[in-house]
Amino acid sequence: MKHLILIGFMGAGKTTVGNRFARELDWKMIDTDQRVVEKAGMPVTEIFSKYGEKRFREMETEVLTELLLESRPAVVSVGGGLPVQPQNAVYLKKMGTTVYLRAKEETLIGRLQGDKTRPLLQNGGLEKKIHALLNERAEIYEERADVVLDTDGLTLEQTVGTLLKILKPDFFH
Ligand code: S3P
């Protein structure tokens, strides 16, 4: 089994690109956030406020290990913090090919303005929070990725087209 895994910061477009890419390949699309939400029966913000980030991270890892058991390959969009957790690195490696959708800090700030769904970015100071988290994470995303794709200035179609070109032919045999 070889999944295509999309990693990157919040607002990088993982889910949007993942959905479009899955349609292109006629593969299933799996979103780890969505799986965690289904398991918990509540939105991400509520998981964080009721049980804390640590529990959320444990649930993410549970979901990841379940994905290793999927028999058919899927496009998997993972939450922005998932690749950062050291315990997940081995699972990501086993699961397939990992693509880092990289976007500039300004792009992310623009996309995440007014967001109410990401607990790590609430209560003001959005730019500082993004800056600090990106500083912590950028290198880790690069380390975890088999492919790094710069998405700034690309349309959705261009991003998907570029990805297809980069991955072919090795990925699809
Ligand atoms: C998080 C990213 C979110 C979600 C949670 C924590 C993070 O997913 O998992 O709010 O730590 O970066 P997206 O990257 O899909 O927004």
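The preceding data block contains the structure.
Residues numbered from 1 in each chain as written. Predicted model: local features only at pLDDT ≥ 70, side-chain atom pairs only at ≥ 80, totals over all residues. Heavy atoms only, no water.

**Student:** Quick rundown of the site of the ligand? Include the residues and the values.
**Tutor:** For the ligand, the set of nearby residues contains 14 residues, the closest of which are K14, D33, R57, R118 and R137. R57 is positioned such that a nitrogen or oxygen atom in its side chain is 2.7 Å from an oxygen atom of the ligand. Here G80 contributes a backbone N or O atom positioned 2.8 Å from an oxygen atom of the ligand. If the ligand stood free it would expose 390 Å²; the protein chains cover 95% of that surface. (Near = heavy atom within 4 Å. Polar contact = N/O pair within 3.5 Å; in protein donor to acceptor, adjacent residues only side chain to side chain. Areas by Shrake-Rupley, 256 points an atom, 1.4 Å probe, with all protein chains shown as cover.)

**Student:** Any details on the sheet that holds strand β4 (residues 96–102)? Residues and values, ideally.
**Tutor:** Taken in spatial order, the five strands of this open sheet run β2-β3-β1-β4-β5, and their pairing is parallel. The two strands at the open ends of the sheet, each matched to only one other strand, are β2 (28–31) and β5 (147–150). Strand after strand, the sheet turns through a mean of 25° between neighbouring axes, direction not considered. Taken together, the four bridges between β2 and strand β3 (residues 74–77) define a ladder with parallel strand orientation. The partner of K28 across the bridge, within β3, is A74. (Pairing = 2+ DSSP bridges. Helix = DSSP H or I, 4+ residues; strand = E, 2+ residues; numbered from the N terminus. Axes fitted to C-alpha atoms, helices over the stretch in contact; angles between N-to-C directions.)

**Student:** Which residues make up the pairing of strand β1 (residues 3–7), and what are the values?
**Tutor:** Summarising burial for β1: five of the five residues are buried, a large majority. Where burial is concerned, the two faces of β1 agree: the one with H3, I5 and I7 and the one with L4 and L6 are both buried. Pairing geometry for β1 and β4, over five bridges, is parallel. When the bridges of β4 are listed, I7 appears paired with Y100. (Buried < 20%, exposed > 50% of the residue type's maximum accessible area, 1.4 Å probe, protein only.)

**Student:** Explain the environment of M95 to me, and be specific about the residues and the numbers.
**Tutor:** Secondary-structure assignment places M95 in helix α4 (residues 86–95). Among the residues examined, M95 registers a relative accessible area of 0% and is labelled buried. With 93 residues separating them in the primary sequence, M95 and K2 have C-alpha atoms 5.9 Å apart.

**Student:** I'd like a rundown of the pairing of β4, residues and numbers included.
**Tutor:** Burial runs high along β4: six of the seven residues are buried. As judged from the four bridges shared by β4 and β5, these two strands associate in the parallel manner. Its bridge partner being in β5, L101 is matched across the sheet by L149.

**Student:** Go over the packing of helix α5 (residues 105–112) against helix α6 (residues 126–144) with me, naming the residues and quoting the values.
**Tutor:** Running from amino to carboxyl end, α5 crosses α6 at an angle of 135°, the nearest separation of the two axes being 10 Å. By the criterion of interaxial angle, the relationship of α5 to α6 is oblique. Of the two elements, α5 crosses α6, and the hand of that crossing is right-handed. For the pair α5 and α6, contact is made by E105, L108, I109 and L112 and by L126, E127, I130, H131 and L134, respectively. By residue class, the composition of the contact of α5 with α6 is six nonpolar, one polar and two charged. (Parallel < 35°, antiparallel > 145°, perpendicular 65-115°, else oblique. Left-handed = near helix turned anticlockwise from the far one by under 90°. Contact = heavy atoms within 4.5 Å. Nonpolar A, V, L, I, M, F, W, Y, C, P; charged D, E, K, R; others polar.)

**Student:** Got a sec to walk through the nonpolar core? Specific residues and values, please.
**Tutor:** In this structure, L4, L6, F9, F21, V76, V99 and L163 are the most contacted members of the largest nonpolar core, which totals 51 residues. Considering each element in turn, this core owes the most residues, eight residues, to helix α3 (residues 44–67). Setting aside anything within four residues of it in sequence, one finds V99 in contact with L4, I5, L6, I7, V147, L149 and L163. (Core = buried A, V, L, I, M, F, W, Y, C linked by side-chain atoms within 4.5 Å.)

**Student:** So, the pattern of salt bridges: which residues are in play, and what are the values?
**Tutor:** Scanning all chains against the criterion turns up 15 salt bridges. Between K39 and E62 there is a salt bridge whose closest N-O contact spans 3.6 Å. Taken together, the residues K39 in helix α2 (residues 32–40) and E62 in helix α3 connect sequence positions 23 residues apart. Here K39 falls in the partly exposed class, since its relative accessible area comes to 39%. Using a relative accessible area of 30% as the deciding quantity, one classes E62 as partly exposed. (Salt bridge = Lys/Arg side-chain N within 4 Å of Asp/Glu carboxyl O.)

What is shown is where atoms sit, not what they do.
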